[in-house]
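Each chain, written out:
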Amino acid sequence: MEKDKHLGLRIDSETHAKLKSLADFDGRSINGEVLYLIRQAIMEHEKEHGKLQ
């Protein structure tokens, strides 16, 4: 089984604070919120342009 990948991400303080608020509102960790948002973006892209590999 393949291990989870690590992604370092630098964001400014204002974006971090807003992301934390969003995550708290949705009952997620910041990491969970980032994964959710990435998956949503991929899903929208695939709807419009077809499956990614």
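As a reminder, the structure under discussion sits directly above these lines.
Residues numbered from 1 in each chain as written. Predicted model: local features only at pLDDT ≥ 70, side-chain atom pairs only at ≥ 80, totals over all residues. Heavy atoms only, no water.

Quick look at the pattern of salt bridges now. Pairs can form between side chains of opposite charge once their charged atoms are near each other. If you walk through the whole model with that rule in mind, you get 7 salt bridges. Among the ionic pairs, Glu2 bridges to Lys5, the shortest N-O distance being 3.3 Å. Each of the two residues, Glu2 as well as Lys5, counts as exposed. With a shortest N-O distance of 3.2 Å, Lys20 and Asp24 are connected by a salt bridge. (Salt bridge = Lys/Arg side-chain N within 4 Å of Asp/Glu carboxyl O. Buried < 20%, exposed > 50% of the residue type's maximum accessible area, 1.4 Å probe, protein only.)

Another point: the packing of helix H1 (residues 13–26) against helix H2 (residues 30–49). At a minimum axis separation of 9 Å, H1 and H2 run at an interaxial angle of 90°. The angle between the axes of H1 and H2 places the two elements in the roughly perpendicular class. Between H1 and H2, the residues in contact are His16, Leu19, Lys20, Leu22, Ala23 and Asp26 and Ile30, Glu33, Val34 and Leu37, respectively. A breakdown of the residues in the contact of H1 with H2 according to their chemical character gives 6 nonpolar, 1 polar and 3 charged. (Axes fitted to C-alpha atoms, helices over the stretch in contact; angles between N-to-C directions. Helix = DSSP H or I, 4+ residues; strand = E, 2+ residues; numbered from the N terminus. Parallel < 35°, antiparallel > 145°, perpendicular 65-115°, else oblique. Contact = heavy atoms within 4.5 Å. Nonpolar A, V, L, I, M, F, W, Y, C, P; charged D, E, K, R; others polar.)

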